[in-house]
Amino acid sequence: MTEISELARRWARYPIAWEPKVSKDGALMAWTWTGITETGNVWLAPTDGSAPPKRVTDEAEHTYVRSFSPDGKRLLLAQSEGASEHDQLILLDLESGARRELTPKQDDHYIYGGAFTPDGAAILYIASYDDVTRSAIEGQRIYRHDLASGRRTCLSAAESLDERGVELSADGRYALYHRHEHQAGGSQIWLLDLATGEDREILNVGDGLKAYGHWLDQDRVLVWAESDTHDRVGVLSLPDLHLRWLVDDPRRSVDAALPGHDGRSVALMDFRDGALQASVLALADGGETPLRSTAGSLLPVEQLPGGAWIAELYSSHGPHDFVRLDPQSGRLDVLSRTRDHLPDPAMAFTAAKPYRWRSTDGMEIAGWLYEPAGESRGLLAHVHGGPTWH
């Protein structure tokens with residue numbers, strides 16, 4: 001086997017994690033690992049670090065986690081043939097291993113999300129398919145899918161399609177979702193009342209600007225939104241739609257925000273000089289506490305009921321891992337134990353060095369440089385982000 005062939009083999013077997021999800025009680029987390037097996041399969045691990053992760057699927061196609069059932073005993077999975085992204089939904093019983101196909105295999109439309117109702121009896125999801133005409137559409141429908149009967153009911157129709165799915169309020173009455181009703185580059189936050197059928201836009205920060213929302217608690221929505229000059233984070237109160245900005249600073253580049261478990265804090269993700277800086281913002285007093293680890297950068301996934309955070313730990317010194325971080329004590333427990341699944345557990349990693357250069361307009365660009373151990377045979381440049389992503 002040539003050196004390049006061996007490198008390609010190792011690269012193909014390198015474990016990459018996708019779509020982490022945490023159970024409602026915070027006891028379990030699940031994600032998809034590609035590389036370890038021929039296709040991406042789902043793995044499950046306790047969030048206290050008491051046991052290594054175990055594989056719970058053995059599928060011929062890539063399979064991804066959409067959500068846990070409220071009792072944590074079932075997983076809603078998505079799978080498509082040939083990674084076409086034309087998904088079907090599958091229900092997996094974690095105790096028995098029983099697998100049930102909820103939607104048929106298909107190749108002409110998209111299905112996004114999959115939120116369980118609080119009683120676990122049904123799921124809500126978005127599909128670019130109309131049950132009346134029995135055809136794929138350019139817009140979207142929100143369906144309620146009864147798990148006992150298999151019957152699904154259309155709750156909302158829109159001319160645009162959004163891939164973020166639906167989030168249900170804690171009591172299951174309201175569905176939070178997004179549309180792109182004005183310009184393709186913009187997004188608006190919508191609220192669907194499942195009791196009355198009222199379906200309305202609750203936030204539009206500009207027809208060409210993006211706004212995304214997550215439930216903070218029953219009466220408040222955490223908002224991440226663009227402005228003409230920078231990104232902002234705020235809280236939208238219901239039902240009066242009062243919007244209070246928590247972070248509105250042109251000097252910051254807030255890439256995302258996540259609600260805390262108890263509605264009293266939010267996790268912020270800033271990129272500063274090309275590196276992720278995560279922090280927790282207390283809503284009561286505005287105090288901000290960095291989420292740090294000497295082992296690498298931390299990308300928050302979800303806060304647990306006790307206050308600890310599940311995060312993705314990454315650096316150029318080793319493989320990515322899911323960890324549990326206690327902000328009070330600083331204790332960090334590795335949950336995924338990725339190194340145990342490397343194609344070569346002793347494989348070495350090259351540390352990245354900060355590298356800066358100036359663009360044609362004089363702006364300084366932040367990047368990272370990986371230098372070879374021996375003589376360089378050329379430069380490989382990987383460019384990502386930028387104006388084309390908007």
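Just so we're clear, the structure is a prediction, and the values are computed from it rather than from any experiment.

## Points about the environment of His-182
Topologically, His-182 is positioned in the loop between strand 14 (174-179) and strand 15 (188-193). A residue is classified by how much of its surface remains accessible, and His-182, at 43% relative accessible area, is partly exposed. For the pair formed by His-182 and Gly-97, sequence separation is 85 residues and the distance between their alpha carbons is 45 Å. Non-local contacts of His-182, meaning those with residues more than four positions away in its chain, are made with Gln-188, Glu-201, Asn-204 and Asp-207.

## With respect to the nonpolar core
Membership of the largest hydrophobic core comes to 14 residues, with the highest contact counts inside it found for Leu-176, Ile-189, Ile-202, Leu-203, Val-221 and Val-223. The set of elements that each furnish at least two residues to this core consists of strand 15, strand 16 (199-203), strand 17 (211-217) and strand 18 (220-226). The biggest single contributor to this core is strand 18, with three residues. The contact partners of Val-223, leaving out residues within four places of it in the chain, are Ile-189, Leu-203, Tyr-212, Arg-232, Val-233, Gly-234, Leu-236, Leu-243 and Trp-245.

## A look at the side chain of Arg-252
Summarising the element assignment, Arg-252 is placed in the loop between strand 20 (243-247) and strand 21 (254-259). A polar side-chain atom of Arg-252 sits 2.9 Å from a polar atom in the side chain of Asp-270. Residue contacts for Arg-252: discarding those within four places in its chain leaves Val-247, Leu-268, Asp-270, Arg-272, Ser-279 and Glu-288.

## Side note on the packing of aromatic side chains
Taken as a whole and judged by the stated rule, the model has ten aromatic pairs. A centroid spacing of 5.1 Å and a plane angle of 75° characterise the contact between Trp-33 and Trp-43, whose relative ring orientation is edge-to-face. Within this pair, whereas Trp-33 is found in strand 2 (residues 28-34), its partner Trp-43 is found in strand 3 (residues 41-46), the two being separated by ten residues in sequence. Its relative accessible area of 2% is what places Trp-33 among the buried residues. Through a chain of ring-to-ring contacts, the aromatic side chains of Trp-31, Trp-33, Trp-43 and Phe-322 assemble into a single cluster.

## Quick look at the sheet that holds strand 1 (residues 16-22)
Strands pair in a sheet through their backbones, by hydrogen bonds, and they do so in one of two ways: parallel or antiparallel. Within the open sheet, the four strands sit side by side as 1-2-3-4. Their pairing is antiparallel. The strands lining the two open edges of the sheet, one partner per strand, are strand 1 and strand 4 (54-55). As paired strands, strand 1 and strand 2 are joined by five bridges and run antiparallel to one another. What sits directly across from Ile-16, in strand 2, is Thr-34.

Reading guide: rules and limits
Residues numbered from 1 in each chain as written. Predicted model: local features only at pLDDT ≥ 70, side-chain atom pairs only at ≥ 80, totals over all residues. Heavy atoms only, no water. Helix = DSSP H or I, 4+ residues; strand = E, 2+ residues; numbered from the N terminus. Buried < 20%, exposed > 50% of the residue type's maximum accessible area, 1.4 Å probe, protein only. Contact = heavy atoms within 4.5 Å. Core = buried A, V, L, I, M, F, W, Y, C linked by side-chain atoms within 4.5 Å. Polar contact = N/O pair within 3.5 Å; in protein donor to acceptor, adjacent residues only side chain to side chain. Phe/Tyr/Trp six-rings, centres within 6.5 Å; stacked < 30°, edge-to-face > 60°. Pairing = 2+ DSSP bridges.

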